[in-house]
Amino acid sequence: MNKFKKQIMKYFIACAFSIAVVESMLDSTFDNVVFPRFEDNIVVAHILLGIYFLLIIAIFVLFAALFYRLTNIAIKKESNRQLNKQNMIYSCIAHDLKTPMTSIQGFAAALREERIKEEEQKEIFDIIYNKSCYMNGLVESLFTYSKLNTNDCQLSYGKMDLAMLVREVVALNYDEFEKKEICLGLEIPEEPIWCLLDEKEIKRAINNLVINAYMHNENGAKVMIQVKRQEKYVYIIIADNGKTISKEQEQNIFEPFVSGNDARSSGEGNGLGLAISQIIIEKHEGKLYITNNIRDYTKGFVVQLQSV
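The structure contained in this document is the topic of the report that follows. (Residues numbered from 1 in each chain as written. Predicted model: local features only at pLDDT ≥ 70, side-chain atom pairs only at ≥ 80, totals over all residues. Heavy atoms only, no water.)

**Things to note about the environment of V139**
Here is step 1: Following the sequence through the fold, V139 ends up in helix α3 (residues 118–148).
Here is step 2: Classification of V139 as partly exposed rests on a relative accessible area of 47%.
Here is step 3: Sequence separation between V139 and N217 is 78 residues; the distance between their C-alpha atoms is 25 Å. (Helix = DSSP H or I, 4+ residues; strand = E, 2+ residues; numbered from the N terminus. Buried < 20%, exposed > 50% of the residue type's maximum accessible area, 1.4 Å probe, protein only.)

**A word on the pattern of salt bridges**
For side chains of opposite charge, pairing can occur when their charged atoms come near one another.
Here is step 1: A complete count under the given rule lists nine salt bridges for this structure.
Here is step 2: With a closest N to O distance of 2.7 Å, K203 and E168 form a salt bridge. Residue K203 is located in helix α5 (residues 199–215), and its partner E168 is located in helix α4 (residues 162–179); the two are separated by 35 residues in the primary sequence.
Here is step 3: Among the ionic contacts, a cluster of salt bridges with common partners joins K147, E201 and R204. (Salt bridge = Lys/Arg side-chain N within 4 Å of Asp/Glu carboxyl O.)

**As for the nonpolar core**
Here is step 1: Core analysis: the biggest nonpolar cluster contains 61 residues, and L162 and V166 have the highest contact counts within it.
Here is step 2: No other element matches the eight residues that α3 contributes to this core.
Here is step 3: Look past the residues within four positions of V166 in its chain and what remains in contact with it is I188, I206, I225, V227 and I236.
Here is step 4: One finds V34, Y52, I59 and F63 within the second-largest nonpolar core, a separate group that totals eight residues. (Core = buried A, V, L, I, M, F, W, Y, C linked by side-chain atoms within 4.5 Å. Contact = heavy atoms within 4.5 Å.)

**A look at α4**
Here is step 1: Compared with the 26 Å implied by 1.5 Å per residue over 18 residues, the 26 Å span of α4 between its first and last C-alpha is a close match.
Here is step 2: Maximal helix bending in α4 amounts to about 50 degrees, located at N173.
Here is step 3: Here α4 has its buried residues at L162, A163, L165, V166, V169, V170, N173 and F177.
Here is step 4: Taking the backbone nitrogen of A163 as reference, a side-chain oxygen 3.1 Å away marks D161 as the first, capping residue of α4. (Expected span 1.5 Å × (residues − 1). Bend = angle between axes of the 7 residues up to and from the residue. Polar contact = N/O pair within 3.5 Å; in protein donor to acceptor, adjacent residues only side chain to side chain.)

**Examining the packing of aromatic side chains**
Here is step 1: If you walk through the whole model with that rule in mind, you get five aromatic pairs.
Here is step 2: Between F254 and F301 the ring centres are 6.2 Å apart and the planes differ by 80 degrees, which places this aromatic pair in the edge-to-face class. Of this pair, F254 sits in the loop between α6 (247–252) and α7 (261–265) while F301 sits in strand β7 (residues 299–306), and the two are 47 residues apart along the sequence. The two residues F254 and F301 agree in class, both being buried.
Here is step 3: Put simply, the rings of F30, Y52 and F53 pair up and form one aromatic cluster. (Phe/Tyr/Trp six-rings, centres within 6.5 Å; stacked < 30°, edge-to-face > 60°.)

This is the structure:
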C-alpha cells in the first residue's frame, strides 16, 4: 500500500510540474512574442487573451485527464494485487487447515469405530489435540492479521520500558530454547529504555520474532537477542547462525504465507508471524528488516523504534 501511495504522489508531482512548465512557456510566448505585436489592436488583443485563457484551461484539463488515467490504471493494478493477495491467503489457509482436519476426521472415525487399541488411544488423543491447537492458532493469527490491516484498528500507546518488555518475552519462550539446546545470548541493558508503545501488540510482534528464532533453527544453533539505543532510535536485534536468507527471499519474507514455508509444511508455523510483526512495528512508526552484517551470525531481524 505504501508503494501505491508513493506512485500516486509521483504521478501528481509529475503532472503538477508539467502544468507549471507548460504554463510558464505559454506565458513567456504570449507576453514576449504574441501580445507585443497586437498591443495597439484592442480587438485582436482581447481575442488573443481569450485564446490564452482557453489554452490554460485546455492544458489543465489535459493533464488532469492524464493524471486520472494514470491513477485509474494504478488503482486497477493495486486492486488486482490485493485481490490476488487475498486469494493466495485464502488458498494457503485452506491448504493449511485441510491436512490437520483430514487427520482429525480420520482419527475420530477410527476411535468411533473402535479400531484403535486402548493402549494407543492416549497418543491419538494427543495428536488430535495438537492438530486442533494448530488450527485454532492459524485462525487466531488470521484474525489478528485482518484486524491490523483495517483502518479501524487503533493502538493504545503508553510510555514503557522496552528493555523490560523484551526480557519478559524472552522469559516466556526460554523453555523452548532449552528444549532445542539453542545457545541463547542476551545483551539487554538493565537501565530502562523508554518508548511509546502499545504493550499488547509490541509484545506480540517481538514474540513472533523470538518464536521464529527457535522454530526455524536446528538443535544446538546459536541465537543472540540484543537491545541497544543509538541517539533517538532503539534497536532490537534477533540474530542466529542458521540458514542464510537470499536477496530474493528478503524481498518477500514479510508477506503472509511466504516466509517459513518449510515450517508450515511440517505443521510448526502458520506463515503469518512475520507479516503481523511488520504491521505492528509500522503502526509504531518503526521499521522491521533483515541484516547479514552481524559478526558470528548469518542473519538478524532488526526492529527499529523511536525512543522518548
